[in-house]
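Structural overview
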Amino acid sequence: MDKKTLTLNGKTVEFQAGQTILEVARSYEVFIPALCYLDGCTATGACRICVVEVKGARSLIASCSTPAENGMDICTDSDRVRKSRRLTIELLLASGEHNCITCEKSGDCMLQNLAYSYGVDAIRFPVAPQPHPTEMMNPFIIRDFSRCILCGRCVQACQEVQVNRAISYGYRGPTAKIIAGCDKTYDESDCVFCGQCVQVCPVGALVEKKARFKGRAKDLDLVRTTCPYCGVGCQLWLHVKDGTIVKVTGVEDAQPNKGRLCVKGRFGYDFIYSEERNKTPLIREDGVLREASWDEALGLVANKFRETIEKHGPDSVAGVSCARSLNEDSYQMQKLFRAVFKTNNIDHCART
Ligand code: FES
C-alpha cells in the first residue's frame, strides 16, 4: 500500500487512510481546538472552531470532519485561522448569557479557556435574548439553555455513546434548542438520567444539580474507584471536597465503561452519608436487634451453617450473591459454597 503523507505546519508527516485532519494533527501532538467534536462519534462540524488552512482550498476547512488527503499542505495556526477562531468565539459568547461568576464550569469550561487563550476580552455583537427558561425540575440535571452553545455533544453522547436517543436538536435559528422528545422536560421524556450529556457538555449548560455551589474544578480532588452497584466494575472519578463526594464522572480511558455510567453509578452516592446506615453487624436475640462485633457475627453465621450442614446435608443451605458485589466477591462466594460447603446451591440476584 502506498505511503500517505501530507504537510503539517511545514513538516512532512505520514498518516493512515481514513484519518481526519484533526486525528492526524493529534497523532503528532499538534493542538487544534475542538468544541463539538466528541471522540468516537460521527463528526458534525457544527462549531467551526477547529478550522485549518489548506493550501489551494477556497475557504477554511473544519479539521474534525475533513478526511486527510495525500499531499495536503495544512496550516493549523495561521493568522487567518486565528482570526476565524476569534470570530467564532465571539459569536458563541454572544449566543447566550455566558456569565462565569457563578457558573459551575468556571475553570473547566472549554469556551472560557478558548476565550482566554485567544484573548477575547470583549464581544462586538449584542447578546442574544434567551427564549428558553432554565429547567430545574428533575433531581439530577440542570439544563441552562442560556449557556448552551448548541455544539451537539450531548446529543451525540445520548444518540451514539449511550444509544438512549432521548435528546436531539429542535426549532431553528435564534430559537434553536436541544430538546428531549418533542420538547419535554427531562423527567417527562425518555431520558434515563445516565448523565452522559452532562459529562460531555463543554460549557455550563448541563450540570449536576446536587453539585451546584458545592465546589468547582479547582476545589475538587479526584479519587478513582470502582462503582459499588454491580459486577460490571465501571471505573469512576469521585470529585471530592473536604472528604465529601460532590459529583461522580466516568473514567474516559478505562475499561469496561470508557467514561459511560448509568444513573446509579453517576448519581446514586447519597447512601454513603445516610444516618440510617448500619455501621456494625446486628444480631437478633429474642426478636430484638443488638449491635455485635464482626468476629461475633461471622462466628455465629459460620456455626449456623456448620450445624445445618451436619444435620441436614450440604444441599440444605443455599446462597444468593448480591448484585452489588464485585465479580471477585461473587467468585469467592461461589467458591465458598461449592468448595467448602460442597453444594451447588448458589445464585446471583439480578436486581439491585
Ligand atoms: Fe470541528 Fe466543531 S470541533 S467543527
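Residues numbered from 1 in each chain as written. Predicted model: local features only at pLDDT ≥ 70, side-chain atom pairs only at ≥ 80, totals over all residues. Heavy atoms only, no water.

Focus on the pattern of salt bridges
It is possible for side chains of opposite charge to pair when their charged atoms get near one another. Filter applied, for reference: For this document, the term salt bridge refers to a Lys or Arg side-chain nitrogen within 4 Å of an Asp or Glu carboxyl oxygen.
Inspection of the entire model under this criterion finds 12 salt bridges. Glu296 is the partner of Arg290 in a salt bridge, and the nearest nitrogen-oxygen pair spans 2.5 Å. A single network of salt bridges, built from pairs that share partners, joins Asp77, Arg82 and Arg85.

With respect to the state of the cysteines
Counted only if it meets this: Disulfides are defined as cysteine sulfur pairs within 2.5 Å. Three exposure classes are used, based on accessible area relative to the maximum for each residue type with a 1.4 Å probe and protein chains only: buried under 20%, partly exposed in between, and exposed over 50%.
Counted according to the given criterion, the structure contains zero disulfides. For the unlinked cysteine Cys75, the closest cysteine sulfur is that of Cys50, found at 14 Å. We classify Cys75 as partly exposed; its relative accessible area is 31%.

Things to note about the packing of helix H2 (residues 79–94) against helix H3 (residues 110–117)
Our working definition: Note on geometry: axes are C-alpha line fits, over the in-contact stretch for helices, and angles between N-to-C directions span 0 to 180 degrees. Working definition: helices are DSSP H or I runs of at least four residues, strands are E runs of at least two. Numbering for both runs from the N terminus. Orientation labels follow simple angle bins: below 35 degrees gives roughly parallel, above 145 gives roughly antiparallel, 65 to 115 gives roughly perpendicular, and whatever is left gives oblique. Two helices cross in a left-handed way if the nearer one is turned anticlockwise from the farther one by less than a right angle. They cross in a right-handed way if the turn is clockwise. Contact definition: two residues touch when any of their heavy atoms are within 4.5 Å.
Between H2 and H3, the shortest axis-to-axis distance is 10 Å and the interhelical angle comes to 135 degrees. In terms of orientation, H2 and H3 fall into the oblique class. Here H2 and H3 pass one another in a crossing that is left-handed. Along its contact with H2, which presents Arg82, Ile89, Leu92 and Leu93, the element H3 presents Leu111, Leu114, Ala115 and Ser117.

Section: the sheet that holds strand S12 (residues 244–250)
Applied cut-off: Only when DSSP finds a minimum of two bridges between them are two strands counted as paired.
Taken together, the three strands give an open sheet; going across it, the order is S10-S11-S12, and neighbouring strands pair in antiparallel fashion. Of all strands in the sheet, those with a lone pairing partner are strand S10 (221–226) and S12, marking the two edges. Recorded for the sheet is a direction-independent mean angle of 30 degrees between the axes of neighbouring strands. Pairing geometry for S10 and strand S11 (residues 235–241), over six bridges, is antiparallel. Counterpart to Arg224 in the pairing with S11 is Trp237.

A look at the nonpolar core
This is how it is decided: By nonpolar core is meant a set of buried Ala, Val, Leu, Ile, Met, Phe, Trp, Tyr and Cys residues that side-chain atoms within 4.5 Å join together.
If you look at the biggest cluster of nonpolar residues, it comprises 34 residues, and the most contacted ones within it are Ile89, Leu111, Ile141, Ile167, Tyr186, Cys197 and Leu206. Going through the elements one at a time, H2, H3, helix H4 (153–161), strand S8 (177–180) and helix H5 (196–200) are the ones with two or more residues in this core. In this structure, Ile89 is in contact with Ile49, Leu111, Leu114, Ala115, Tyr118 and Val120, ignoring residues within four places of it in sequence. Leu8, Val13, Ile32 and Ala34 belong to the second largest nonpolar core, which has 21 residues in total.

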